Amino acid sequence: QVQLVESGGGLVQAGGSLRLSCAASGRTFSSYNMGWFRQAPGKEREFVAAITWSSGNTYYADSVKGRFTISRDNAKNTVYLQMNSLKPEDTAVYYCAAGGAPWIGKLPGYWGQGTQVTVSS
């Protein structure tokens, strides 16, 4: 069982940066692939980025490649999403997720409550 709590969302101007954090509870955090998803108003939830539990391989949606960076600190049970060069179209609720392999369509089994990111033009 894993519980996830996101933080770090907010309002930022286009071109700015934000760093999201996701604190996980549970002793087996280090054995889960971790990911970030987002959902904009009127749109379906979409994959943003993921990092594997074993090798730390990372995967990104094409829309964020080169701008976003996912990382994890297993000692702190925390996963991060560094978001640079933000665009208004990045505005969404961002969700942390654990488990699965979203880069090949296997959805995570655990989700956080979400944190709002709003990018103004």
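Everything that follows concerns the structure shown earlier in this document.
Novice: In this structure, what is going on with the sheet that holds strand β8 (residues 78-83)? I would like to understand it.
Specialist: Each strand in a sheet pairs with another by means of backbone hydrogen bonds, the pair being arranged parallel or else antiparallel. Strand order in the open sheet formed by four strands is β1-β3-β8-β7, and the pairing between neighbours is antiparallel. The open sheet is flanked by β1 (3-7) and β7 (68-73), the only strands paired with a single partner. Strand after strand, the sheet turns through a mean of 15° between neighbouring axes, direction not considered. Where strand β3 (residues 18-25) and β8 come together, six bridges link them in antiparallel fashion. Directly across from Leu20, in β8, lies its bridge partner Leu81.

Novice: Even after reading the chapter, I still don't get the nonpolar core, so can you show me in this structure?
Specialist: One broad trend across soluble globular proteins is that nonpolar side chains are buried collectively. In terms of nonpolar packing, the biggest core is built from 34 residues, with Met34, Trp36, Leu81, Met83 and Tyr94 touching the most fellow members. Mapped onto this core, the elements with two or more residues apiece are β3, β4 (34-39), β5 (46-51), β7, β8, β9 (92-98) and β11 (115-120).

Novice: Any chance you could explain the packing of aromatic side chains here in plain terms?
Specialist: Ring pairs (aromatic) are described by centroid distance and by the angle formed between their planes. The tally for this structure, following the rule as stated, stands at four aromatic pairs. Note on Phe37 and Phe47: the rings are 5.8 Å apart at their centroids and 75° apart in plane angle, and the pair reads as edge-to-face. Of the two residues, Phe37 sits in strand β4 while Phe47 sits in strand β5, which places them 10 residues apart along the sequence. Under the relative-accessibility criterion, Phe47 is labelled buried at 19%. Their ring planes at 65° and their centres at 4.8 Å tell us that Phe37 and Trp111 sit as a pair that is edge-to-face. Of this pair, Phe37 sits in strand β4 while Trp111 sits in strand β10 (residues 110-111); the two residues are 74 residues apart in sequence, bridging distant segments of the chain.

What counts, and at which threshold
Residues numbered from 1 in each chain as written. Predicted model: local features only at pLDDT ≥ 70, side-chain atom pairs only at ≥ 80, totals over all residues. Heavy atoms only, no water. Pairing = 2+ DSSP bridges. Helix = DSSP H or I, 4+ residues; strand = E, 2+ residues; numbered from the N terminus. Axes fitted to C-alpha atoms, helices over the stretch in contact; angles between N-to-C directions. Core = buried A, V, L, I, M, F, W, Y, C linked by side-chain atoms within 4.5 Å. Buried < 20%, exposed > 50% of the residue type's maximum accessible area, 1.4 Å probe, protein only. Phe/Tyr/Trp six-rings, centres within 6.5 Å; stacked < 30°, edge-to-face > 60°.

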